[in-house]
Amino acid sequence: MSTALDELAGDFAALRPHLVSVAYRLTGALSDAEDAVQESWLRLSGLDDGRRSAIEDHKGWLTTVVSRICLDRLRSAVVRRERYVGEWLPEPVLGPLGTPSSEDPLTIAVRDDGMRMAAMVVLDRLTPEQRVAFVLHDAFAVPFGEIAEILGCTTDAARQHGSRGRRAVADADPPPRTALAEQQQIIERFMTAMLTGDIQAVAEVLHPDVVLVGDGGGKARTAVHTVTGFDKVTRLFQGLMRLYDPSGIEQARPALVNGDLGLYIPPQAASEGYRALDEHVNAFVIRDGKIVAIYDMANPDKLTDAKAKVGRG
């Protein structure tokens, strides 16, 4: 016969996909998201029977708890990122091509347009308060009165944080998600062009305003600063192809990166005339049929079990 705590655990399990989705969108870090959700369970299960029974809406209560924990993580992350080596990118949510596992709530959640990598990068430009207010209100329909309690401010101030966050996201104008079939066609053309050194073919697939953002955290080789513009990005790739064995790049395989088609590039040992290649995950943003952004994630702390998550493909 199940106990009240068993029933509570069952209710929590049903809410877990929602909570993980909230936490990841707020923090952009898988470990922080998982920790926040686990902490919310510990707080709920640690209440005495009287206080637990007084909670009428477990979803709302847990969302509030998770959001407060994430707000604390965001505020401390502002300080941590000041010491971060190079650019900081959200931790990618990886998965093999095909139907996502029903047991992986994040792999399912990132099919939402607002959790693609381009959208997550924009969220990182917001203040912690703007991010919490915008995400909770616009993505999860949390009233500003409840958001104000989370932020410790007035309802009007919470509404203002949300408005500023919404305006910043609109100004950044991340392009909408492109159909996977079109993504595949464009990325295959890009890889073929780079491997063959066909600059004309590269020109046809890269947007004139293309940017490349690398995240190695000082632990792996990638661009330390954002590379902006077709000419600079093209020269960068030409240089990389001279430094690294093309056979390693040829081993790259497609994978879902935050619900979009990306590339998993396995590590490769140094060989005669070529450097060792770190493990990489590349995410792409498509605009007007061309690649307008490349996110090169190489920090090993953010690629834990990447190969296993991608599968053999």
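Up top is the structure these notes are about.
Residues numbered from 1 in each chain as written. Predicted model: local features only at pLDDT ≥ 70, side-chain atom pairs only at ≥ 80, totals over all residues. Heavy atoms only, no water.

Visitor: Any chance you could break down the nonpolar core for me, citing the residues and the numbers?
Guide: Counting 47 residues, the largest nonpolar core has Tyr-24, Leu-106, Val-132 and Ile-147 as the members making the most contacts within it. Only helix 1 (4-27), helix 2 (30-45), helix 4 (58-82), helix 5 (105-109), helix 6 (117-123), helix 7 (128-140), helix 8 (144-151) and helix 9 (155-172) provide two or more residues apiece to this core. Among residues more than four places away in sequence, those in contact with Leu-106 are Val-20, Tyr-24, Leu-30, Val-93 and Met-115. Within the second largest apolar cluster, 27 residues are counted, among which are Ile-187, Val-227, Leu-261 and Leu-277. (Core = buried A, V, L, I, M, F, W, Y, C linked by side-chain atoms within 4.5 Å. Buried < 20%, exposed > 50% of the residue type's maximum accessible area, 1.4 Å probe, protein only. Helix = DSSP H or I, 4+ residues; strand = E, 2+ residues; numbered from the N terminus. Contact = heavy atoms within 4.5 Å.)

Visitor: Explain the side chain of Ser-67 to me, and be specific about the residues and the numbers.
Guide: Take Ser-67: it is sitting in helix 4. Residue classification places Ser-67 among the buried residues on the basis of a relative accessible area of 0%. When neighbours within four sequence positions are excluded, Ser-67 is seen to be in contact with Val-22, Leu-26, Leu-136 and Ile-150.

Visitor: Outline the pattern of salt bridges, listing residues and values.
Guide: Counting across every chain of the model gives 16 salt bridges. Residues Asp-32 and Arg-80 are paired through a salt bridge, measuring 3.9 Å at the closest nitrogen-oxygen approach. You can see Asp-32 sitting in helix 2 and its partner Arg-80 sitting in helix 4, a full 48 residues away along the chain. Overall, Arg-80 belongs to the partly exposed group, its relative accessible area being 40%. Residues Glu-39 and Arg-43 are paired through a salt bridge, measuring 3.1 Å at the closest nitrogen-oxygen approach. Note that Glu-39 and Arg-43 are positioned in helix 2 at a spacing of four residues, about one turn of the helix. (Salt bridge = Lys/Arg side-chain N within 4 Å of Asp/Glu carboxyl O.)

Visitor: I'd love a proper account of the state of the cysteines, names of residues and values included.
Guide: For the structure on display, the rule yields zero disulfides. Among the cysteines around Cys-70, which has no disulfide bond, Cys-153 carries the closest sulfur, lying 17 Å off. A relative accessible area of 0% means that Cys-70 is categorised as buried. Taking relative accessible area as the criterion, Cys-153 reaches 28% and is therefore assigned partly exposed. (Disulfide = S-S within 2.5 Å.)

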